[in-house]
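Each chain is listed here by its residues.
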Amino acid sequence: MGAGSESEGLDVADSALVLGGGGLTAYAWQVGVLAGLADAGLDLGAADVLAGTSAGSLLALDLAKGSAPADLYREQVHRERAMMDVNFTLTMTAKYLWAALGSRDPDTVVRRLGRLALSVRGVPESAVLAAIGPHLPVEDWPERTVRLFAVDALTGAPTAFDAGSGVDLLHAMSATCALPPLFPPITIGEGRWMDGGVRSTTNADLVDDCARVVVLAPIPKAAGATPSAATQVASLTAKGARAILLTPDRAARRAFGRNPLDASRIPGAAREGRRQGTEQADRVRTIWHG
């Protein structure tokens, strides 16, 4: 599945919640935003399409399972849920930035990151599956429509894995979380699939078949020439969709700290997200309910 069709003529009942990547604090902040919106009577988890990139994919599955934002929020604030422990070293960061900052052309950046992903040695794909598996809230694709974004390291082409892709959920989830050079890309069909975040932190432009879209972007823009979430949301509105983008404000960014994988920052990120969700409820309501 690729970018989808333009939204002209779509039924306004087609709604999408797009959840961005960015590590542990990204997941926690988005949970908080959804909890704050739920406090205001907005259930975004009921969207027709739940779409996610990397950490956002886990939250999409949580919502598709039927988890309430209030319960997910409690888990984050009280650290009741074991989250994946990842050590993204300084050397890995340097390699990623070297690839991401090496060109001003977005397609070239994705190809450079693809080569980085394909260069990973010493970590078998089976180890990635074993690391991701215990964190899946469901074993199989849920009945709700869920899209998990990934990029083919061989070609640079993006896709949205879903229940109709003929791909089991574990492989699809592992692909959207296969961030180079931490993990190798995941073999699915003839492709080698890596974290969709190498292309965009949200991949919001890939839900252009939906008429109402709320995008949560914990990281508004990745390093380098990749498009920003704001640019992608603007492309949706240009095609006739009603779309809104929520990003962390200054207080939330302070709560995140500098390391998105720092588990000690989870409660603070969730609390700031809930505050922002409450503050932004009226704006979101205009999009969600017209």
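Calculation notes
Residues numbered from 1 in each chain as written. Predicted model: local features only at pLDDT ≥ 70, side-chain atom pairs only at ≥ 80, totals over all residues. Heavy atoms only, no water. Helix = DSSP H or I, 4+ residues; strand = E, 2+ residues; numbered from the N terminus. Buried < 20%, exposed > 50% of the residue type's maximum accessible area, 1.4 Å probe, protein only. Lys, Arg positive; Asp, Glu negative; His and termini not counted. Salt bridge = Lys/Arg side-chain N within 4 Å of Asp/Glu carboxyl O. Contact = heavy atoms within 4.5 Å. Axes fitted to C-alpha atoms, helices over the stretch in contact; angles between N-to-C directions. Parallel < 35°, antiparallel > 145°, perpendicular 65-115°, else oblique. Left-handed = near helix turned anticlockwise from the far one by under 90°. Nonpolar A, V, L, I, M, F, W, Y, C, P; charged D, E, K, R; others polar. 1 Å grid on protein atoms, 1.4 Å probe; cavity = no way out; pocket = protein on both sides within 12 Å on 5 of 7 lines; lining within 4 Å. Points joined across faces, edges and corners; volume = space filled by probe spheres on them.

Per an unreviewed UniProt entry, the chain carries the name Patatin and comes from Streptomyces ambofaciens.

For Arg-112, the position within the fold is in helix H5 (residues 106-118). Asp-105 provides the closest opposite charge to the buried, unpaired Arg-112, separated from it by 9.9 Å. Residues contacting Arg-112, with those up to four places away along its chain left out, are Trp-98, Ala-99, Gly-102 and Ser-103.

So, about the pattern of salt bridges. Scanning the entire structure with this criterion turns up 13 salt bridges. Where Asp-39 meets Arg-274, a salt bridge forms, and the shortest distance between an N and an O atom there is 2.8 Å. In this pair, Asp-39 is assigned in helix H1 (residues 24-39) and Arg-274 in helix H10 (residues 266-279), connecting sequence segments 235 residues apart. Across the pair Arg-199 and Asp-205 runs a salt bridge whose closest N-O atoms are separated by 2.6 Å. Residue Arg-199 shares its accessibility class with Asp-205, and that shared class is buried.

Between H1 and helix H3 (residues 69-77), whose axes approach to 8 Å, the crossing angle comes to 140°. One element, H1, and the other, H3, form an angle in the oblique class. In this structure, H1 crosses over H3, and the sense of that crossing is left-handed. Side by side, H1 and H3 meet where Tyr-27, Ala-28, Val-31, Gly-32, Leu-34, Ala-35 and Ala-38 of the first sit next to Pro-69, Leu-72, Tyr-73 and Gln-76 of the second. Residues belonging to the contact of H1 with H3 are distributed by class as follows: nine nonpolar, two polar and no charged.

Another aspect to go through is the layout of surface pockets. By volume, the largest pocket amounts to about 1100 Å³. In terms of lining, the largest pocket is formed by 37 residues, of which the most central are Gly-22, Gly-23, Leu-179, Pro-260 and Leu-261. Of all the elements in the fold, those that place two or more residues in the lining of the largest pocket are H1, helix H2 (55-65) and helix H4 (90-100). With three residues, H4 is the single largest residue contributor to the lining of the largest pocket.

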